[in-house]
Amino acid sequence: PKHFVAEFRWYDVSTVIRVAKPDLYDAAEFKDARFKHYDVPLKSSSPATPSDAQIETFLGLMTRKVKGRAAVVCAEGTGHSGVLCAAFLMARYHATAAEAAA
């Protein structure tokens, strides 16, 4: 996470949401850098389609906890962050699936 701190500051990110296994990195590194940090735990072997509960958790964080910009972090390459961000665009801005995926 340390190598992301400067980049996240550059983009004015205030919140980091990890959508991966909690042991992916030490969240304290972001918290010590004064980012808010939340988890939407996912198993690395899970498919790119998050469960309804995981989507609800993510949408709840984005609508009730995040003030400003958020970075959604997943290092597993399974598409979790993209799916959750698309769900947010559809829920918050009423984007179509095609618009959210573009």
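Data block above holds the structure.
What counts and how
- Numbering of residues begins from 1 in every chain and follows the order in which that chain's sequence is written.
- In view of the model being predicted, local features appear only for residues whose pLDDT reaches at least 70, and side-chain atom pairs are presented and counted only at 80 or more, with totals across whole chains, interfaces and linings using the full set of residues.
- Based on all heavy atoms of the structure, the side-chain values leave hydrogens and waters out of the count.
- Here, the term nonpolar core denotes a set of buried Ala, Val, Leu, Ile, Met, Phe, Trp, Tyr and Cys residues that are joined through side-chain atoms within 4.5 Å.
- Relative accessible area decides the class of each residue, using a 1.4 Å probe on protein chains only: under 20% of the type maximum gives buried, over 50% gives exposed, and in between gives partly exposed.
- Strands are runs of DSSP state E lasting at least 2 residues, helices are runs of H or I lasting at least 4, and numbering of each runs from the N terminus.
- By the convention used here, residues are in contact when the closest approach between their heavy atoms is within 4.5 Å.
- Any helix carries an expected span of 1.5 Å times its number of residues minus one.
- Salt bridges are identified by distance alone: a Lys or Arg side-chain nitrogen within 4 Å of an Asp or Glu carboxyl oxygen.

Undergrad: I tried to follow the nonpolar core on my own but got confused; where do I start?
TA: What tends to happen in soluble globular proteins is that the nonpolar side chains get buried as a cluster. Among the nonpolar cores identified, the biggest contains 11 residues, and these are Ile17, Val19, Val40, Leu42, Phe58, Leu59, Leu61, Met62, Val66, Leu84 and Phe88. Elements that contribute at least two residues to this core include exactly α3 (52–65) and α4 (80–93). Take this core: its biggest share by element is 4 residues, from α3. Beyond its immediate sequence surroundings of up to four residues, valine 19 is in contact with Val40, Leu42, Phe58, Val72, Val73, Cys74, His80, Ser81 and Leu84. Within the second largest apolar cluster, 10 residues are counted, among which are Phe8, Val13, Tyr25 and Val73.

Undergrad: When you look at α4 in this model, what are you seeing that I'm missing?
TA: With 14 residues, α4 extends 20 Å between its outermost C-alpha atoms, agreeing within 8% with the 20 Å of an ideal straight helix rising 1.5 Å per residue. His80, Leu84, Ala86, Ala87 and Phe88 are the residues of α4 that are buried. Contacts made by the buried residues of α4 are with α3 and α5 (97–101). At the C-terminal side of α4, histidine 94 shows a positive phi close to 60°.

Undergrad: Can you help me understand the pattern of salt bridges in this one?
TA: Where side chains of opposite charge bring their charged atoms close, a pairing between them can arise. If you walk through the whole model with that rule in mind, you get 1 salt bridge. Note that arginine 18 is salt-bridged to aspartate 39, the shortest N-O span being 2.5 Å. One end of the pair, arginine 18, is in strand β1 (residues 13–18); the other, aspartate 39, is in strand β2 (residues 36–39), with 21 residues separating them in the sequence. Judged by relative accessible area, arginine 18 falls into the buried class, the value being 3%.

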